[in-house]
Every structure is written in C-alpha cells, then in structure tokens.
Amino acid sequence: MTVRVLVVDDQELVRAGFRMILERGGHVVVGEACDGVEAVAFAAEVEPDVVLMDVRMPRMDGIEATRRIVASGSTARVVALTTFDVDEYVYEAVRAGASGFLLKDISPTDLVHAVSAVARGDALLAPALTKRLLERFVTMPLPGAHGDALAVLTEREREVLRLLAGGRSNAEVASSLFLSEATVKTYVSHMLTKLGVRDRVQLTVLAYETGLVAPGNRT
C-alpha cells in the first residue's frame, strides 16, 4: 500500500531520515514542513494521506497544527511524533484529533508498517500503550463531556467500546463476547459513524471522557 506522507519536524536531519525510510519502504513523501504553520499550509495544498507531526516546534506546535488540519475537514490522519513514550503533549495531540503517536526512535520497518496501518484506518497504537497514555492524563471525565453522548449506541456497542477502551484487541473483544473479529470490526465502523469520530483512538478518548471507562479500570 503506497501512502502519501507529509513529514513535519523542525530538524532537517530528522525529516531527511524519515523521508529516506518511507521512500525505501514504498511510500511517497509529498512534502516536508519545519513547523506547524507550514504543516497546515502544506496539508491543504498536497492533501496527504498521513501527516507525521512533531509535537514540539517553533511558531506553531504540532498540537495546534493538528487541531487546524482536523478542523479544516482534511481526510489526512495525523500521527504525533515524540521522543518520550508518555508525554502530556502527545495526549493533547490526540485530544486535538491525532490518530495516535510514534516514538522518534521507531525502527525503519515499524515506521513503514505504522504509516500503512494508520492510512488504512487501523488502530496505530498498541492497546496497552493507548490505555497507559489515557490513564495517565484522563483522571476524570471532562466538564461538559457527559455519558449521554453515547446514548446513540446500542448496549452491545457499548460493551464493545468498553472492552476496546480498556485495552483489548479486536481478537480479545471477539473472544470475550463470543463474536467473530469481522463482527467486532463492523461494530467499530458503526460506532465511528454514529459518534462522528475519525478512528479507534478517538473512540477510546471519548470512552474515557464520558466516564464509560475509568482510569485504572481493568476490563
């Protein structure tokens, strides 16, 4: 699967390294940006499938750039880049609409595969990593984020969401609820449509913010 990628980082060597890895892996780098201002402009111009977005940059950071790209209606999936595996900036990027995050020291093979995965709409983060990230920063439901936001879901869909947000993979959810993996994927697709969110990461964020899943809960 060839993916069109926009690489955003304030360090030229980092951008060059990612470009080399991605192009050797069969993807196409359609642009490079050195800060959030350039990232927003380039995302509108070149319409990438995936944006690799550094979170800490001058002029405009990756969080605000992510927020603006998502708000523009772009179909690009934003992946936050960070040096640390638990970083409050990363959580804010996910809140802003990022589809996940990668560590900058990711292996070349994993980077190529991760870009393909997020472009397909698959979960980019390992379930355990998603759970740990959210549990660190979501200490309580946000003001105004009420559980009735999930009222459009059926009870079965809520069960699926609870397990996904609790760190279960599709296969584990299927096993727990005596369903096929294909059925679980169908439930996820329906929930994305009903709740108007972009991907599984945003589903998980919503599950925590509405109180469906509480930090520390081991479903």
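Bear in mind the structure is a predicted one, so any value in this text is a computation, not a measurement.

About the cut-offs
Note that residues are indexed from 1 along each chain, following the sequence as it is written. Local features are withheld for residues below a pLDDT of 70 in this predicted model, meaning they are given only at 70 or higher, and side-chain atom pairs are given and counted only at 80 or more; totals for whole chains, interfaces and linings count all residues. Side-chain metrics in this entry use all non-hydrogen atoms of the structure; hydrogen atoms and water are not considered. DSSP bridges decide pairing: two strands pair if at least two such bridges lie between them. In this description a helix means any DSSP run of H or I spanning at least four residues, a strand means any run of E spanning at least two, and both kinds are numbered starting from the N terminus. Here an axis means a line fitted to C-alpha atoms, over the contact stretch when the element is a helix, while the angle between two N-to-C directions is reported on a 0 to 180 degree scale. Two residues qualify as a contact provided that any one of their heavy atoms is within 4.5 Å of a heavy atom in the partner residue. When accessible area is computed with a 1.4 Å probe and restricted to protein chains, residues below 20% of their type maximum are described as buried, those above 50% as exposed, and intermediate ones as partly exposed. When the strands point away from the viewer, a crossover counts as right-handed if the route from the first strand across the helix to the second turns clockwise. Here the word oblique covers every angle except those under 35 degrees (roughly parallel), over 145 (roughly antiparallel) and from 65 to 115 (roughly perpendicular). Side-chain classes are defined by residue name, with Ala, Val, Leu, Ile, Met, Phe, Trp, Tyr, Cys and Pro counting as nonpolar, Asp, Glu, Lys and Arg as charged, and the others, Gly among them, as polar. Salt bridge, as applied in this entry: a Lys or Arg side-chain nitrogen positioned within 4 Å of an Asp or Glu carboxyl oxygen. As used here, the arc belongs to the directions running from the helix axis to the C-beta atoms. Any pair of nitrogen or oxygen atoms within 3.5 Å is treated as a polar contact; in protein, a donor-acceptor pairing is required on top of that, and neighbouring residues in sequence qualify only through side-chain atoms on both sides. For a crossing to be left-handed, the near helix must be turned anticlockwise from the far one by less than a right angle; the clockwise case is right-handed.

Colleague: What exactly am I supposed to notice about the sheet that holds strand E2 (residues 28-33) here?
Modeller: Pairing between the strands of a sheet is mediated by backbone hydrogen bonds and can be parallel or antiparallel. The strand order across the open sheet built from five strands is E2-E1-E3-E4-E5, with neighbouring strands paired in parallel fashion. The outermost strands of the open sheet, each flanked by one partner alone, are E2 and strand E5 (101-103). Each strand axis lies, on average, 25 degrees off the axis of its neighbour in the sheet, ignoring direction. As defined by bridge partners, strand E1 (residues 4-8) adjoins strand E3 (residues 50-54) across four bridges and the pair is classed as parallel. From the neighbouring strand, Val7 faces E3, where its bridge partner is Leu52. Each of E1, E3, strand E4 (77-82) and E5 is contacted by helix H5 (residues 108-120), which is oriented at about 120 degrees to E3, the strand it contacts most.

Colleague: Before we go on, may I ask you to explain the pairing of E3 in this structure?
Modeller: Here is the key point about a regular strand: its side chains alternate between the two faces of the sheet. Most of E3 is tucked away: five of the five residues are buried. Burial along E3 is two-sided: Val50, Leu52 and Asp54 and Val51 and Met53, pointing in opposite directions, are all buried. Bridge count between E3 and E4: five bridges; the pairing is parallel. Across the sheet, the residue bridging to Asp54 is Leu81, located in E4. The handedness of the E3 to E4 crossover, carried by helix H3 (residues 62-71), is right-handed.

Colleague: Help me understand the packing of helix H8 (residues 170-177) against helix H9 (residues 181-195) in this model?
Modeller: The packing of two helices is summarised by the inter-axis angle and the distance between the axes. Contact pair H8 / H9: the axes reach a minimum separation of 8 Å and the direction vectors enclose 105 degrees. It follows from the interaxial angle that H8 and H9 lie roughly perpendicular. On the side of H8, the interface is formed by Asn170, Ala171, Val173 and Ala174, while H9 contributes Glu181, Val184 and Lys185. Tallied by class, residues from the contact of H8 with H9 come to four nonpolar, one polar and two charged.

Colleague: Quick question: what am I supposed to make of the pattern of salt bridges here?
Modeller: As a working rule, side chains carrying opposite charge can pair if their charged atoms are close by. Considering all chains together, one arrives at 11 salt bridges under this definition. Close ionic contact of Arg68 with Glu64 constitutes a salt bridge, the shortest N to O distance being 2.9 Å. You can see Arg68 and its partner Glu64 sitting in helix H3, four residues apart, about one turn around the helix. Through salt bridges that share partners, Arg15, Arg19, Glu23 and Glu32 make up one connected network.

Colleague: Just checking my understanding: could you explain H3 for this structure?
Modeller: Along an α-helix, residues three or four positions apart point the same way, because every turn accommodates 3.6 residues. Gly62, Ile63, Ala65, Thr66 and Ile69 are the residues of H3 that are buried. Summarising the axial view, the buried residues of H3 lie within an arc of 165 degrees, below the 170-degree limit, and thus occupy one face. The opening residue of H3 is Asp61, an N-cap whose side-chain oxygen sits 3.1 Å from the backbone nitrogen of Ile63. Looking one or two residues beyond H3, the residue adopting positive phi is Gly73, at roughly 90 degrees.

Colleague: Explain the packing of helix H7 (residues 155-165) against H8 to me, please; I cannot follow it from the model alone.
Modeller: In the contact formed by H7 and H8, the axes pass within 10 Å of each other and the chain directions differ by 130 degrees. In terms of axis orientation, H7 runs oblique to H8. Viewed along their axes, H7 and H8 form a crossing whose handedness is right-handed. Counting all contacts with H7, which are made through Arg156, Glu159, Val160, Leu163 and Leu164, the residues of H8 involved are Asn170, Val173, Ser176 and Leu177. Along the lines of polarity and charge, the residues of the contact of H7 with H8 split into five nonpolar, two polar and two charged.

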